[in-house]
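# Examination of the molecular architecture
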Amino acid sequence: MNVMVERCVRWWRLLVVGFLCLQPNIVTASPNIILVLVDDLGWSDLSCFGGTRSQTPNVDQLAKEGIRFAQFYVNSPICSPSRVAFATGQYPQRWGIESYLADREANKKRGMKQWLAVDAPMLARSLQEAGYRTGHFGKWHMGGQRDVDDAPAISEYGFHSSLTNFEGMGPKVLPLTEEPGWEKPRKIWEQAERLGGPVTWMKRSDVTGGYVSSAIDFISAARQEKKSFYINVWPDDVHSPFFPSLEKWSNKKQERYSAVLSEMDKHLGKLFDFIREDPELRDNTLIIFCSDNGPEHGAGSCEPLRGAKTWLYEGGVRSPLIVWGPRIVSDKVGEFNRDSYFCALDINRSLYSICGLSGPQATDGEDIRDTLLGKSDQSRKSPIFWRRPPDRPGYGFGWNEPNPDLAVRQGPWKCYSNFAGTQVKLYNVVKDVEEQFDLSSTEPGIAEELRSKMLAWDKAMKSQSTLGKP
């Protein structure tokens with residue numbers, strides 16, 4: 001009986017969305033924005049991106065009612081710098097954050113800042129100043145972790161409210177883990193209580209649900225105030241260690257990962273339903289769903305892409321992207337855009353435009369608003385550059401080969417080299433998405449052009465990496 005009820009509900013939702021697709025596109029001057037940034041999700045983990053290991057019905061439904069993008073990139077293959085790009089619209093190298101933020105000594109040894117400078121150009125702060133209610137719910141990891149307990153609070157970056165984990169300053173949810181045979185759940189990262197509170201302990205498999213509940217409460221309060229809202233919902237999932245609920249426990253890493261992904265989908269479904277089932281929210285809310293980088297090797301899937309988390313190859317930096325808003329993207333509902341390529345920097349810049357703001361003068365992103373909203377197939381015009389995390393040279397992270405030091409995407413071409421500008425590799429990632437055929441010798445002109453651009457960009461980033469507090 002429950003299965004029949006669920007099917008009826010899903011058919012009803014499809015009918016409602018179908019009706020809305022017949023209505024004209026409406027983008028108000030101040031739409032609500034929800035950015036869902038999943039942690040370590042592979043390009044092909046979701047069912048709607050060809051995944052077969054996990055069931056993700058709620059995200060799949062979001063895709064059916066929105067637009068999927070096949071060639072979306074993040075700006076680092078690892079968490080902290082990727083998040084900086086989303087938040088600031090600038091390459092994270094400008095702010096001295098090139099790998100995950102750890103303890104003081106580890107950050108110093110790798111030549112990194114201890115946190116993102118509080119005067120960085122934050123999208124949230126700009127929206128807050130424009131009258132939006134702003135909230136962050138989930139992983140932060142841009143300062144305030146391990147023994148770095150003097151970092152700015154999340155609120156100082158332009159958020160009215162926040163709830164985070166052990167990698168951020170302020171109120172937080174910390175995980176209780178359990179395995180079959182344990183007498184009771186155990187606390188991990190207990191020392192994170194020094195990073196602010198109040199602290200709520202919750203089963204690891206329910207943490208995403210805690211973020212979602214707080215986000216829904218925040219949205220309800222914003223509506224009471226008749227304010228538009230911008231919120232980050234950045235789950236810890238599906239980052240290791242993997243602790244699904246006991247009834248879904250497995251001794252196999254991939255199966256635990258899949259169980260965590262399915263449970264995350266269930267929790268996020270409550271947020272999606274809350275927006276979808278309220279006409280006012282449904283008609284004026286844009287949901288953007290993606291991952292911060294590729295999957296951990298041996299856990300998630302990015303097939304047929306080469307590489308995974310921490311690697312500059314496609315599997316490390318290409319992310320699934322879904323943009324949802326039935327009255328906003330109605331002309332293209334259900335479309336899979338396989339042609340347009342752009343990156344997180346461009347999402348940041350485009351959200352200024354979508355929300356009616358002029359945007360910062362200093363930005364590395366481009367305004368691709370019409371592409372995100374299904375009105376154009378325009379790609380980013382400038383190249384996209386990457387530099388590998390300093391602590392991820394290759395070997396031992398899934399492949400016995402060096403991780404390229406630099407990478408660039410321009411047109412159909414993806415080029416790699418080391419810092420010296422040698423060991424150049426060139427791939428046509430439109431025709432050769434698996435990056436199997438190095439064309440540097442058959443297309444020497446293109447290889448040399450992109451090599452020169454990579455080296456020039458790397459030099460420029462090194463000269464500007466002193467921004468912010470050491």
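Residues numbered from 1 in each chain as written. Predicted model: local features only at pLDDT ≥ 70, side-chain atom pairs only at ≥ 80, totals over all residues. Heavy atoms only, no water.

From N to C terminus, the protein includes 12 helices and 15 strands. For the protein, whose C-alpha radius of gyration is 21 Å, the value lies close to the compact-globule estimate of 23 Å for 470 residues. Relative to its full complement of 470 residues, the protein shows a buried share of 59%. The long-range fraction of contacts in the protein, counting pairs at least 24 apart against all pairs at least 6 apart in sequence, stands at 71%. Per element, the accessible surface of the protein, about 18100 Å² overall, is 51% carbon and sulfur. (Helix = DSSP H or I, 4+ residues; strand = E, 2+ residues; numbered from the N terminus. Rg over C-alpha atoms; globule rule 2.2 N^0.38 Å. Buried < 20%, exposed > 50% of the residue type's maximum accessible area, 1.4 Å probe, protein only. Contact = heavy atoms within 4.5 Å. Areas by Shrake-Rupley, 256 points an atom, 1.4 Å probe, with all protein chains shown as cover.)

Below, the discussion takes up the sheet that holds strand E14 (residues 413-417). Taken in spatial order, the four strands make up an open sheet running E12-E13-E14-E15, and their pairing is antiparallel. A strand with exactly one partner marks an edge of an open sheet, and here the two such strands are strand E12 (384-387) and strand E15 (425-428). Across the sheet, the axes of successive neighbouring strands diverge by a mean angle of 15°, strand direction being ignored. As defined by bridge partners, E12 adjoins strand E13 (residues 406-410) across four bridges and the pair is classed as antiparallel. Note that in E13 the partner of tryptophan 386 across the bridge is alanine 407. (Pairing = 2+ DSSP bridges. Axes fitted to C-alpha atoms, helices over the stretch in contact; angles between N-to-C directions.)

In the structure shown here, the tally under the stated rule is 33 salt bridges. For the salt bridge of aspartate 39 with lysine 139, the shortest nitrogen-to-oxygen distance reads 2.8 Å. Of this pair, aspartate 39 sits in the loop between strand E1 (32-38) and helix H2 (57-64) while lysine 139 sits in the loop between strand E3 (133-138) and strand E4 (161-163), and the two are 100 residues apart along the sequence. Residue classification places aspartate 39 among the buried positions, given a relative accessible area of 1%. Residues participating in the shared-partner salt-bridge network are Asp39, Arg83, Lys139, Arg146, Glu167 and Asp292. (Salt bridge = Lys/Arg side-chain N within 4 Å of Asp/Glu carboxyl O.)

The computed volume of the largest pocket comes to approximately 470 Å³. Forming the walls of the largest pocket are 29 residues, and the residues nearest its centre are Asp40, His239, Ser240, Glu296 and Lys309. (1 Å grid on protein atoms, 1.4 Å probe; cavity = no way out; pocket = protein on both sides within 12 Å on 5 of 7 lines; lining within 4 Å. Points joined across faces, edges and corners; volume = space filled by probe spheres on them.)

Tallied over the full model, the rule gives 18 aromatic pairs. Taking 6.0 Å as the distance between ring centres and 70° as the angle between the ring planes, the aromatic pair formed by tyrosine 416 and tyrosine 427 counts as edge-to-face. Of this pair, tyrosine 416 sits in strand E14 while tyrosine 427 is found in strand E15, placing the two residues 11 residues apart along the sequence. An identical accessibility class is assigned to tyrosine 416 and tyrosine 427; each is buried. Site record: aromatic cluster; members linked through ring pairs are Trp311, Tyr313, Trp399, Tyr416 and Tyr427. (Phe/Tyr/Trp six-rings, centres within 6.5 Å; stacked < 30°, edge-to-face > 60°.)

For the rest of this paragraph, the subject is empty space enclosed by the protein. Here the structure, examined in full by the defined rule, presents three cavities of 30 Å³ or more. The wall of the largest cavity is formed by Leu35, Phe86, Ala87, Met122, Leu123, Ala124, Trp140, Met142, Phe159, Tyr230, Asn232 and Trp234. Among the elements of the structure, helix H3 (79-88), helix H5 (123-129) and strand E8 (229-234) are those that each provide at least two residues to the lining of the largest cavity. Sorting elements by how many residues they give to the lining of the largest cavity places E8 first, with three residues.

To continue, consider the environment of proline 320. Its location among the elements puts proline 320 in strand E10 (residues 318-324). Proline 320 sits 103 residues away from glutamine 423 along the chain, and the two C-alpha atoms are 29 Å apart. When near neighbours in sequence (up to four residues on either side) are disregarded, proline 320 contacts Leu41, Gly42, Trp43, Leu46, Phe49, Phe289, Cys290 and Ser291.

Now for unusual backbone geometry. The bulk of non-glycine residues show a negative phi, and the bulk of peptide bonds are trans. Cis rather than trans, the peptide bond between glycine 197 and proline 198 has omega equal to 10°. Structurally, proline 198 is set in the loop between strand E6 (186-187) and strand E7 (199-203). Residues aspartate 237 and valine 238 are joined by a peptide bond in cis, for which omega reads 5°. Positionally, valine 238 belongs in the loop between E8 and helix H7 (253-276).

Running from amino to carboxyl end, helix H6 (residues 207-224) crosses H7 at an angle of 10°, the nearest separation of the two axes being 8 Å. One finds that H6 runs roughly parallel with respect to H7. Of the residues in H7, those in contact with Thr208, Gly209, Val212, Ile216, Ile219 and Ser220 of H6 are Met264, His267, Leu268, Lys270, Leu271, Phe274 and Ile275. (Parallel < 35°, antiparallel > 145°, perpendicular 65-115°, else oblique.)

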